[in-house]
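Fold and geometry: a report
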Amino acid sequence: MSANKIWQGNTTFILAAAGSAVGLGNIWKFPYMVGSNGGSAFVFIYLICIFAIGFPVMVSEILIGKYGRKSPINSLKKLSVEFNLSSYWKYLGILGAFAGVIILSYYSVFAGMAFSYIFNVFPSGLENPSQYSTNYFTNFSSSPFDLIFWHSLFIILTSLIVGFGVVKGIGRSVNVLMPFLFLFIILVSIYSSFVGDFLSTIYFLFKPDFSVITPQIVISAMGQAFFSLSIGMGAIMAYGAYMPEKQMIGKTVITIIFLDTFVALSAGLAIFPIVFSNPFLAINAGPGLIFETLPVAFYSLPLGSFFSIIFFILISIAALSSSISLLEPFTAWMEEKEKFKRPVLVAVLGISIWFLGLGSIFSFNIWSDLRLFGFNFLELMDYLTNNIMLPLGGLFVAVLVGWLVPEKFLEKNLNLSKYKFKAFYFFLRFVAPVSITLVFLYLVF
Ligand code: PHE
């Protein structure tokens, strides 16, 4: 791999990987999943999954990418040749590449909504802004044409950046935008806590109540952990290929995980105080939650529309820095086949993903009654990727790196102290695969 395909400096890799991890998963999805899954019980299991499963899997993915310096699929191939393993391991990469494009198909619908909210400035003098906000979202989501317009715009932007190449396309911009997003989300959560019901929020998010834990909550929390960290499908593995040779993987992963968790919890602290202090807003509103609540918070703020505009711009950018990593594994794989140029591949992929996304758009309106295995189209895509494909990918990564790659190779490449390595290795070999398997066994039986 040529030098211009490696990100320069340690912070660029961290911010690019954090840019992939931090996105709609943290700001849009985490709050509504918490709201619909019993609050603290979900948060508790989510945090356990992040550290017990997310950490070892993310380290392993980056290790494979950095070692292979190719697309996830070809890095896996290289690894299996090196250690005399079955050539079937490349299918782990292929599973991930497909998971990425399926996720992108609905991710783009919600990112498009976030985009459109940049221009959604509430009229002044509203008597009941919460009701206005709920009605606005209901009307907006029942119009397929509006949603298609914004979805198209988002797919075009994602494809343009990926078409130019990820290293050039985002290396520089994340350095500026990510810190700005972190700062802003902190400010909004502080503001919400002052004007809304902070105490109820803290109880809801953190007061332990294990009695409400159900298998469904465990499955959703685990899926959310994978989704939020961008692991189990090769996004982080693809980025690992662009990591500077000397950068330490362990420390880098800790930083990324910390940033990701921090943004998710801050989003909860920004949203729930508003919901709890407002009888018109419901915590279990589902995917529309942030669109219904945040504009209400901004409405009561001096210079509210200005803040609202900035906030939705930042969310859109965070979504964009994640969506490119969803598209990258498939694109890099196809590019290595050297039959077509990157822009052509991306155009074909973009159009296919756009079509698939229509199904999710129609779930809000013309197909809202359609059910497949008890889910609407959007829920099915979401369930299939987050709860099945990503954890399955994570399970295979843990088995591959934990059991088939020699320990010596890991020790050499990870450069951890003896004690830290032992802990990491234990979580990778036992904790992660066993817990994912247990969840799957429950799903099957
Ligand atoms: N982690 C991203 C988010 O939270 C979504 C994502 C999932 C990106 C999987 C890449 C791979 O928004």
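Above: the structure in question.
Below is a short write-up of the structure. (Residues numbered from 1 in each chain as written. Predicted model: local features only at pLDDT ≥ 70, side-chain atom pairs only at ≥ 80, totals over all residues. Heavy atoms only, no water.)

What follows deals with the layout of surface pockets. Roughly 680 Å³ of internal volume is contained in the largest pocket. Taken together, 30 residues make up the lining of the largest pocket; nearest its centre are Tyr32, Gly286, Pro287, Glu379 and Asp382. Elements supplying a minimum of two residues to the lining of the largest pocket: helix H2 (24-36), helix H5 (90-117), helix H6 (129-141), helix H10 (215-229) and helix H16 (377-404). Among the elements that take part in the lining of the largest pocket, H16 stands out by supplying six residues, more than any other. Looking at the lining of the largest pocket residue by residue, the class counts come to twelve nonpolar, 14 polar and four charged. Estimated volume of the second largest pocket: approximately 410 Å³. (1 Å grid on protein atoms, 1.4 Å probe; cavity = no way out; pocket = protein on both sides within 12 Å on 5 of 7 lines; lining within 4 Å. Points joined across faces, edges and corners; volume = space filled by probe spheres on them. Helix = DSSP H or I, 4+ residues; strand = E, 2+ residues; numbered from the N terminus. Nonpolar A, V, L, I, M, F, W, Y, C, P; charged D, E, K, R; others polar.)

Summed over all chains, the structure comprises 46 aromatic pairs. Between tryptophan 367 and phenylalanine 377 the ring centres are 6.2 Å apart and the planes differ by 65°, which places this aromatic pair in the edge-to-face class. One end of the pair, tryptophan 367, is in the loop between helix H15 (342-362) and H16; the other, phenylalanine 377, is in helix H16, and ten residues separate them in sequence. Tryptophan 367 sits in the partly exposed class, given a relative accessible area of 36%. The positively charged end of lysine 29 is found above the aromatic ring belonging to phenylalanine 227, 5.0 Å away from the centroid. (Phe/Tyr/Trp six-rings, centres within 6.5 Å; stacked < 30°, edge-to-face > 60°. Buried < 20%, exposed > 50% of the residue type's maximum accessible area, 1.4 Å probe, protein only. Lys NZ or Arg CZ within 6 Å of the ring centre and 35° of its normal.)

Right, let's talk about the site of the ligand for a bit. Around the ligand, the surrounding shell holds 15 residues, and the nearest of these are Ala21, Gly25, Tyr107, Phe227 and Ser230. Leucine 24 has a polar backbone atom sitting 3.1 Å from an oxygen atom of the ligand. Taking phenylalanine 227, its main chain carries an N or O atom lying 2.7 Å from a nitrogen atom of the ligand. In isolation the ligand offers 330 Å² of accessible surface; the protein chains occlude 100% of this area. Mapping the ligand onto the cavity grids shows that it belongs to the largest cavity. (Near = heavy atom within 4 Å. Polar contact = N/O pair within 3.5 Å; in protein donor to acceptor, adjacent residues only side chain to side chain. Areas by Shrake-Rupley, 256 points an atom, 1.4 Å probe, with all protein chains shown as cover. Sits in = over half its atoms within 2 Å of the grid points.)

All told, the structure shown has two cavities of 30 Å³ or more when counted by the stated rule. There is about 130 Å³ of room inside the largest cavity. Ser20, Tyr107, Phe227, Ser230 and Leu326 are the residues nearest the centre of the largest cavity, which is lined by 16 residues in total. At the level of secondary structure, the elements contributing two or more residues to the lining of the largest cavity comprise helix H1 (10-21), H5, H10 and helix H14 (304-336). Taken together, the residues that form the lining of the largest cavity break down as nine nonpolar, seven polar and no charged.

What follows concerns the nonpolar core. Within soluble globular proteins, side chains that are nonpolar tend to cluster in buried spots. Phe291, Phe311 and Leu410 are the most contacted members of the largest nonpolar core, which totals 154 residues. With 17 residues, the top contributor of residues to this core is H5. In this structure, leucine 410 is in contact with Leu63, Val401, Val405, Asn415, Phe421 and Tyr425, ignoring residues within four places of it in sequence. (Core = buried A, V, L, I, M, F, W, Y, C linked by side-chain atoms within 4.5 Å. Contact = heavy atoms within 4.5 Å.)

The tally for this structure, following the rule as stated, stands at four salt bridges. Between glutamate 245 and arginine 69 there is a salt bridge; the shortest N-O distance is 2.9 Å. With glutamate 245 in the loop between helix H11 (235-240) and helix H12 (249-276) and arginine 69 in the loop between helix H3 (40-68) and helix H4 (72-82), the pair connects residues that are 176 residues apart, well separated along the chain. Across the pair glutamate 335 and arginine 342 runs a salt bridge, and its minimum N-O distance is 3.1 Å. With a relative accessible area of 7%, arginine 342 lands in the buried category. The network of salt bridges with shared partners includes Glu328, Glu335 and Arg342. (Salt bridge = Lys/Arg side-chain N within 4 Å of Asp/Glu carboxyl O.)

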